[in-house]
Every structure is written in C-alpha cells, then in structure tokens.
Amino acid sequence: MKNKTIEKMEQHPNHFKKLLRKMWEIRIFEETLEQLYAKNKIHGTFHLCIGQEAAAVGSIACLSQEDWIASTHRNHGHSLAKGTSMRAMFAEILGKSTGINGGKGGSMHISDAKNHHLGSNGVVGGNFPIAAGAALSMKMQNKKQVVFCFAGEGATNEGSFHEAMNLASIWQLPITFFIENNQYGMSSAFKKMTRLDSIAQRGSSYGVESFSIDGNDLMSVEQLSKRLVQRMRHGEGPFLVEAKTYRYRGHSKSDSCLYRSKEEEGRQQAYDPIRRVEANFIESKIMNKMDIFEEKQIIREKIWQLVQEVEGDSLPSDQELLANIYAK
Amino acid sequence: MRRLTYLEAVNEALDEALGQDKRVFLMGEDIGIYGGGFGATKGLEEKYGAERVRSTPISESAIVGLAVGASMTGMKPVVELQFSDFITIAMDQLVNQAAKIHYMSNGQFQVPLVVRTPGGSGTGAGAQHSQSLENWLAHIPGLKVIQPATAYDAKGLLHAAISDNNPVVIYEHKLCYPLEAEVPEGRYTVPIGQADIKRSGEDITVVATGIMVIRALEAAEKLANQGVSVEVVDPRTLFPLDKKSILQSVKKTKRVLLVTEAVLRSSFASELSAVIAESDVFYELKQPIERLGGKEVPIPCAKNLESLAVPKVQEIEAKISHMLFKNDKEQTIEKPR
Ligand SMILES: Cc1ncc(C[n+]2csc(CCOP(=O)(O)OP(=O)(O)O)c2C)c(N)n1
C-alpha cells in the first residue's frame with residue numbers, strides 16, 4: 001500500500017515541485033553565502049537555516065502575499081519563501097545599494113513591505129510583540145489577513161514571548177507563533193535551557209491551542225499550517241506550533257560547534273527535509289534522480305550568475321548614510 | 001612585560017576573581033564552552049564548573065534581575081550581556097531596581113553586581129548590534145559606568161568593579177578586544193573614577209572614550225610628525241567622572257576636542273562639554289569646545305556606510321588641524337566685567 005504522502009504528491013505533482021524548488025533555492029542560496037564568506041566578500045554576520053527549509057516553505061506556502069510574517073536573525077528561508085527577491089537579498093547581504101533594504105539592514109534585518117514581511121529581528125524575541133500587534137491591527141480593521149511569527153525555541157525564554165502570547169490569547173488574535181525548535185540557541189541545548197519536552201507545552205499557561213510536529217516533514221508542516229490559516233481566517237487564534245528540526249551549521253558564521261558531537265550531527269541530519277521530498281519524488285516517479293540532479297544544477301548556475309551580477313552593483317552612496325532616518 | 005589582548009585581559013581578570021573570591025560567579029548567554037559572545041569567558045566553565053560559570057537562557061531581564069537578588073544576599077555576580085544593545089531589555093532591572101535599591105533601603109541593601117557588555121560598531125552587525133548607549137546608564141544615579149580602552153585598563157577596572165559594592169556596568173568595545181598591551185600578572189586594580197593621560201601634549205587636549213581613545217592616539221601620533229603636540233585624556237569611567245584631571249589638562253592646553261563613538265546629541269561628549277563650560281577653565285579657552293561623534297543615524301550594515309557613521313582617525317586628525325590652524329579667532333574668551 002502506498003503511503004499518504006506519496007498519494008498526495010501524485011495528486012498534486014506541480015504544487016510539490018514548486019515547494020521542493022523553493023527548498024532547493026533556499027539551500028543553494030545559503031551555500032552560496034558560505035562560499036562568498038569564505039572569499040571574504042561578506043561584511044557582518046549571517047545565520048543559516050540549512051536543514052530547516054521545510055518549516056519555512058511548508059508554512060509560508062499556506063499564506064497569501066497579503067498575509068504577514070515576522071522573522072528573526074535566521075530569516076533567509078522565511079524571506080525567500082515569502083517572495084522576497086533573491087537578487088535583492090544577495091545585494092543586501094553584500095552591502096549593495098540594490099539590496100532589499102539599501103544595504104542598511106544586512107542579513108539579520110531583511111524586511112520587505114511589498115511582500116508583507118514585517119522584518120527579521122536581530123533582537124531575540126523582539127518580533128513576538130510586533131507580530132501580535134500586526135494581528136491586532138488586522139483584527140481591528142476587520143481584515144482577513146493572518147500573521148505567522150517565526151522564532152527559535154531559545155526565544156521563548158524571553159519575557160516578550162510570554163507577554164505577547166498572553167495578549168494574543170486574551171484578545172484572540174489571528175496569529176500563529178511558529179517556533180522552529182532546532183535544538184540549539186547558539187551553544188545552548190534546548191534541554192539545558194528549557195525543562196520541557198516540547199515548546200508546545202508553553203501554550204497551556206496562556207490558553208493557547210498548541211501543536212508539536214516534525215518540522216522536517218514538508219507535508220506535516222503544510223497540512224497543519226493550512227488548517228491553522230483557515231481557522232484564523234474564521235476568527236480563531238492564536239496558535240502555537242513547535243516544528244522540531246535541526247540546525248546543520250553553526251549558529252552564525254564563526255562557530256565551530258564544540259557544544260555538540262559530530263555523531264549527533266550525523267544522526268540528526270539523516271532526517272534531511274529536502275532529501276526526504278526527493279526520495280518521495282523518486283518513489284512516486286514525479287522525478288527521477290537525473291531530473292533532480294539537473295534541476296538543482298540549473299538553480300545553482302542561475303544563482304551563481306545572479307551573484308556575479310550583484311557583485312557588479314554599486315555601493316550605497318555616502319549620502320545614503322543619513323537618508324531615511326525620519327519619515328517625511 | 002608580557003603582552004595580552006584586551007580579551008585575554010578580561011578573561012584573566014574573571015579567572016582571578018573566580019579563583020580568589022568564592023562569592024564571585026558568572027552568568028550570561030553561551031558563556032560556557034562557547035566562551036561567551038566574543039570569547040571572554042573561554043575555559044572558565046571548564047575550570048570552575050557550570051555552577052559558577054552559569055550559561056543562561058536568552059532572558060536578559062531575568063539574568064540581570066537574578067544578579068540583583070543574588071548580589072543583595074551575599075554573592076558577587078558578574079553578568080555578561082552578549083551585546084550592549086540588549087541592555088535595553090535589562091533596563092528595568094538595572095535602572096529601576098539595581099540603581100535604586102541601596103538608596104531606597106536607606107543603605108540596608110547593597111547591590112554589588114557587575115554587568116560586562118560589548119558595545120560599538122565596526123563589525124557589520126547592523127543597527128541592533130552596534131550601538132553605543134553608555135550615556136543612557138551614565139545618566140542614572142546609583143550606577144557606575146566604565147569604558148576601558150586598553151587591555152591594562154580592562155583588567156584593572158574589572159577587578160575594581162568586582163570589588164565595588166555598587167552596580168557597575170562595563171562597556172567593552174568589540175574592536176578593542178584584539179588590541180594588545182602590557183598587562184601585569186595577578187590581581188591589580190585601576191581605581192574607578194580616575195582618568196588617565198594616555199599621551200601628554202601641549203597644544204590641545206583630546207578627551208576620548210572607548211575605541212576613540214585608540215583612534216585619538218593614532219591621530220596624535222600622526223600630528224606629532226607635523227610638530228603638533230596633542231594630549232589624549234581617557235576618562236576611563238564615565239561615572240564617577242574624574243573632572244579634575246580633565247579640567248587640568250584643558251587648563252594646560254587651552255583647547256579641547258571631545259570624541260565619542262556615540263551619537264553626539266545628548267551624548268557623554270555633551271556632558272563633558274558642559275563640565276568644561278561650567279568651570280573656570282572656560283575663560284582660558286582659546287576657542288570654543290569642539291565635539292566629534294557618531295552621526296545621528298542607526299548604524300547601517302553596509303561596510304562603506306558603517307564606517308561613515310562614526311569618527312575615523314583621519315577625521316580626528318583633520319578636526320585637530322582645523323582647530324589649530326584654520327581658526328582665525330585666536331583670542332581667549334573674555335571674562336564679563
Ligand atoms: C535579546 C537578544 N539576546 C541575545 C542575542 C544573541 N543571540 C542571537 S541568536 C541567539 C540564539 C537564538 O536561539 P533561538 O531563538 O533558538 O534561534 P536559532 O538561532 O536557533 O534560530 C542569541 C543568544 C540576541 N540577538 N538578542
């Protein structure tokens with residue numbers, strides 16, 4: 001008997017191809033950043049979401065362009081999934097005038113009003129109240145848009161998480177706090193910093209319906225997110241989701257991961273969210289190994305071309321320094 | 001004498017304090033095996049155990065709050081806030097609690113805690129990780145605020161801060177971390193409230209803080225080749241402030257330039273300016289007090305813009321040259337009759 005995932009993929013091959021392509025793009029985007037960093041081309045820091053792509057892609061696939069997201073320092077996946085231009089993101093991270101934020105924000109502060117991306121936050125926990133505020137605003141304006149607020153499990157130890165959850169709960173706001181539990185906040189293991197089995201347990205103190213899912217399973221992420229979006233559109237919310245996943249790379253660009261073992265890394269990376277979908281595709285014959293290889297190669301080449309193009313972009317002019325401090 | 005980097009000097013002071021005083025313990029995010037945000041606590045968990053080198057959850061307000069409670073009851077916590085920008089999250093505990101408890105309890109309680117935190121720009125980390133907010137805390141009665149610029153001062157002031165019976169906030173500068181200086185072995189203190197003449201000179205006084213001390217010294221060196229003699233004064237502690245040494249220097253040179261990385265408006269440079277303007281030395285100035293500081297802008301990420309946002313060596317040099325050579329009003333300010 002075929003499993004449910006395969007059946008579903010066979011019914012909607014193009015949809016899932018689109019999602020897989022997005023995951024590839026995110027991963028290759030970040031691998032490219034690593035190479036650029038090795039070549040000393042990146043000033044400032046970045047945080048890679050390699051290994052966590054299914055969480056971003058599966059959830060944001062259920063949102064419209066009008067729905068809102070708020071993200072964190074580890075935002076590349078969310079930003080790309082929400083529709084932010086990859087070119088403008090490269091340019092931003094390389095400090096070019098053509099960056100999505102004119103080079104002023106950098107990797108950690110990508111925001112994109114056009115795509116209703118409220119912004120990535122360099123302050124851990126900084127985004128919870130902001131996202132809840134956006135949800136309040138949608139509710140007060142009788143709009144149907146909903147909010148997804150992304151954060152890591154470490155961020156739920158900030159007071160802002162608890163205060164925002166409580167407020168969102170008493171005011172029944174259309175927001176899902178989507179916590180990617182990648183097991184580490186910098187060097188700190190989830191188990192050492194939180195005496196819970198799951199972040200989902202935190203919802204009960206605030207009367208917030210909560211879920212814990214395998215965040216490396218694209219299908220589970222998408223199914224749950226779809227249900228929650230629908231319920232939020234009908235006036236329900238807030239919700240709390242823990243998506244269990246794993247951060248493959250170090251916390252930021254300079255981290256040798258002394259706090260975890262190679263063996264653990266190997267074990268955890270066996271559940272690669274992308275390879276799982278690829279395996280499903282092969283099994284359901286949506287794509288064969290060669291197709292997959294070629295598609296990825298094409299993306300890789302395109303991205304490399306993009307980078308070369310962006311490298312030729314101009315730097316922000318000196319006048320830009322003082323531009324846009326205050327709104328006109 | 002042996003040389004250490006600023007970062008090594010901080011590490012050594014922490015190591016010595018942990019070794020010498022059972023009441024001292026460290027708290028902060030990732031300060032264990034990771035060694036803290038910048039490596040200042042490397043090796044200390046291994047040596048003193050996770051009870052005394054406590055890695056915390058990401059909870060700045062709670063970390064400082066716990067330190068307040070622990071310090072009131074016999075311990076000497078030394079907190080690391082990973083980036084000084086996050087002091088904003090701990091602000092209630094620092095400003096409304098730590099700073100006031102001794103006073104409000106009419107001296108019944110002391111709050112001998114230390115907060116160390118790296119500030120400043122230059123790493124491309126953007127607006128939320130690059131600020132210089134030291135003046136916010138220097139404003140608060142009940143807090144002491146320190147800004148060491150050299151490895152020697154970093155170690156000596158950290159020891160002094162740990163021995164102090166008040167809440168002390170130490171602003172370290174990320175760009176100072178790799179800088180080397182001669183640092184004595186063993187415990188020594190640099191008194192809190194004592195400025196240091198980092199270079200003596202005759203023609204002009206530059207009062208600078210943090211990384212700007214280093215930049216002012218470089219500028220002074222360059223100007224020395226042109227026959228200009230610059231005195232560089234490093235207050236080292238913003239509060240208590242060694243007004244006497246600063247005024248003495250200005251009295252001698254009769255010209256003063258104040259340099260901070262922080263945005264100028266309402267900055268510590270403003271305070272220094274007021275201190276000089278309100279003193280008798282004012283009448284001896286050959287020209288108005290000048291300030292150089294950060295542009296009034298959140299620190300941008302792009303490298304070229306970031307470096308435009310705060311004073312560089314060349315700007316300090318140019319400003320001094322301008323003050324000395326291009327100023328036609330060469331008379332002293334007249335005392336009113
Ligand atoms: C308020 C605040 N405290 C500390 C930091 C430093 N810091 C940046 S990311 C991070 C860990 C965050 O962990 P988590 O929320 O689990 O997200 P992840 O990095 O795993 O995606 C820390 C401590 C920060 N940026 N902001």
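Thresholds applied
Residues numbered from 1 in each chain as written. Chains lettered and ligands numbered in written order. Predicted model: local features only at pLDDT ≥ 70, side-chain atom pairs only at ≥ 80, totals over all residues. Heavy atoms only, no water. Helix = DSSP H or I, 4+ residues; strand = E, 2+ residues; numbered from the N terminus. Expected span 1.5 Å × (residues − 1). Buried < 20%, exposed > 50% of the residue type's maximum accessible area, 1.4 Å probe, protein only. Arc of directions from axis to C-beta. Contact = heavy atoms within 4.5 Å. Phe/Tyr/Trp six-rings, centres within 6.5 Å; stacked < 30°, edge-to-face > 60°. Pairing = 2+ DSSP bridges. Axes fitted to C-alpha atoms, helices over the stretch in contact; angles between N-to-C directions. UniProt positions renumbered as here; feature names shortened; annotations may be inferred. Near = heavy atom within 4 Å. Polar contact = N/O pair within 3.5 Å; in protein donor to acceptor, adjacent residues only side chain to side chain. Areas by Shrake-Rupley, 256 points an atom, 1.4 Å probe, with all protein chains shown as cover. Nonpolar A, V, L, I, M, F, W, Y, C, P; charged D, E, K, R; others polar. Buried area = accessible area lost by both parts, 1.4 Å probe. Domains from an automatic or database assignment. Salt bridge = Lys/Arg side-chain N within 4 Å of Asp/Glu carboxyl O. Right-handed = clockwise from strand over helix to strand, strands pointing away.

Peer 1: How should helix α7 (residues 159-170) of chain A be read in this particular structure?
Peer 2: Residues and elements named next belong to chain A. Given a rise of 1.5 Å per residue, 12 residues ought to cover 16 Å, and the 17 Å separating the end C-alpha atoms of α7 matches this to within 8%. Within α7, burial applies to F161, A164, M165, A168 and S169. Projection of α7 onto a plane perpendicular to its axis shows the buried side chains occupying an angular sector of 130°, all on one side. Of the exposed residues in α7, the ones pointing more than 90 degrees away from its buried face are E163 and I170. For α7, the secondary structure elements touched by its buried residues are α6 (127-140), β4 (175-181) and β8 (239-244). Just downstream of α7 lies Q172, where phi reads positive at about 50°.

Peer 1: Any chance you could explain the packing of aromatic side chains here in plain terms?
Peer 2: In the structure shown here, the tally under the stated rule is 18 aromatic pairs over all chains. Each ring, one from Y184 of chain A and one from Y246 of chain A, has its centre 6.3 Å from the other, and the planes form 80°; the classification is edge-to-face. Of the two residues, Y184 of chain A sits in strand β5 (residues 184-185) while Y246 of chain A sits in the loop between β8 and α10 (262-269), which places them 62 residues apart along the sequence. The interplanar angle of 20° and the centroid separation of 4.7 Å between the aromatic rings of Y152 of chain B and Y188 of chain B together place this pair among those described as stacked. Of this pair, Y152 of chain B sits in helix α6 (residues 151-163) while Y188 of chain B sits in the loop between β8 (180-182) and β9 (196-199); the two residues are 36 residues apart in sequence, bridging distant segments of the chain. Classification of Y152 of chain B by relative accessible area gives partly exposed; the value is 33%. Owing to a relative accessible area of 12%, Y188 of chain B belongs among the buried residues under this scheme. Three or more aromatic residues joined by ring pairs form one cluster here, namely Y6, F38, F83, F86 and Y177 of chain B.

Peer 1: Can you walk me through the sheet that holds strand β6 (residues 144-146) of chain B in this structure?
Peer 2: Consider a sheet: its strands pair through backbone hydrogen bonds, and that pairing is either parallel or antiparallel. Residue and element names in this part refer to chain B. Pairing is mixed in the open sheet, where 7 strands are placed in the order β3-β2-β4-β5-β7-β6-β12. Among the strands making up the open sheet, the edge pair consists of β3 (53-55) and β12 (237-239). Going from strand to strand, the sheet's axes swing by 20° on average, the running direction of each strand aside. Sheet topology places strand β2 (residues 24-28) next to β3; 3 bridges connect them, and they run parallel. Counted as the bridge partner of M27 is R54 from β3. Helix α3 (residues 60-72) rests against β2 and β4 (76-80) of the sheet, and its axis sits at about 165° to β4.

Peer 1: So what exactly am I meant to see when it comes to the UniProt feature "domain: Dehydrogenase E1 component" (unreviewed entry) in chain A here?
Peer 2: Taking the numbering used here, the UniProt-annotated feature "domain: Dehydrogenase E1 component" (unreviewed entry) corresponds to residues 22-312 of chain A. For residues 22-312 of chain A, helix accounts for 44% and strand for 13%, while the C-alpha atoms at its two ends are 26 Å apart.

Peer 1: Sorry if this is basic, but what is going on with the site of the ligand here?
Peer 2: Around the ligand sit 23 residues in total, of which H73, G122 and Y184 of chain A together with E60 and Q82 of chain B are the nearest. Taken together, the residues near the ligand originate from chains A and B. Take N182 of chain A: an N or O atom from its side chain is 2.9 Å from an oxygen atom of the ligand. H129 of chain B places a side-chain nitrogen or oxygen 3.4 Å from a nitrogen atom of the ligand. Here the ligand loses 97% of its free accessible area of 590 Å² to cover by the protein chains. Split into classes, the residues belonging to the shell around the ligand amount to 8 nonpolar, 9 polar and 6 charged.

Peer 1: How should I be thinking about unusual backbone geometry in this particular structure?
Peer 2: The phi angle of most residues is negative, glycine excepted, and most peptide bonds adopt the trans form. For the bond running from G237 of chain A to P238 of chain A, omega is 0°, close enough to zero to count as cis. The omega torsion of the bond from F239 of chain B to P240 of chain B falls at -5°, within 30 degrees of zero and hence cis. Residue placement: P240 of chain B occurs in the loop between β12 and α8 (243-253). A positive phi is found at Q172 of chain A, a non-glycine position, where the angle reads about 50°. Within the secondary structure, Q172 of chain A sits in the loop between α7 and β4. Unusually for a residue other than glycine, C257 of chain A sits at a positive phi of about 55°. With respect to the secondary-structure elements, C257 of chain A resides in the loop between β8 and α10.

Peer 1: Can you walk me through the interface of chain B and chain A in this structure?
Peer 2: Put simply, an interface is often sized by how much accessible area is lost when its parts join up. Facing 35 residues of chain B, the contacting portion of chain A comprises 37 residues. Buried area between chain B and chain A, summed over both chains or domains, comes out near 2,700 Å², and the portion from carbon and sulfur atoms is 64%. Linking chain B with chain A are 16 residue pairs in polar contact (both at pLDDT 80 or more), by the criterion used here. Top contributing element to the side of chain B that touches chain A by residue count: helix α10 (residues 303-309) of chain B, with 6 residues. Broken down by class, the residue content of the side of chain B that touches chain A amounts to 17 nonpolar, 11 polar and 7 charged.

Peer 1: What am I meant to see in the domain arrangement of chain B here?
Peer 2: Residues and elements named next belong to chain B. According to the domain assignment, chain B contains domain 1 (2-183) and domain 2 (196-327). When each unit is reduced to the centre of its C-alpha atoms, the spacing between domain 1 and domain 2 is 26 Å. Taken together, domain 1 and domain 2 are joined by 2 salt bridges. For the pair domain 1 and domain 2, the interface holds 12 residue pairs in polar contact (both at pLDDT 80 or more). Secondary-structure elements contributing two or more residues to the side of domain 1 that touches domain 2 are α5 (134-138), β6 and α6. A breakdown of the residues in the side of domain 1 that touches domain 2 according to their chemical character gives 12 nonpolar, 12 polar and 3 charged.

Peer 1: For this particular structure, what's the right way to read the pairing of strand β11 (residues 230-234) of chain B?
Peer 2: Side chains on a regular strand alternate between the two faces of the sheet. Residues and elements named next belong to chain B. Across the 5 residues of β11, 5 count as buried, placing the element largely inside the fold. Of the two faces of β11, both are covered, the one formed by V230, V232 and D234 as well as the one formed by E231 and V233. Bridge count for β9 against β11 is 3 bridges, and the pairing is antiparallel. By the bridge assignment for β11, D196 is matched with D234. Taken together, strand β10 (residues 204-208), helix α7 (residues 211-224) and β11 constitute a β-α-β crossover, and its handedness is right-handed.

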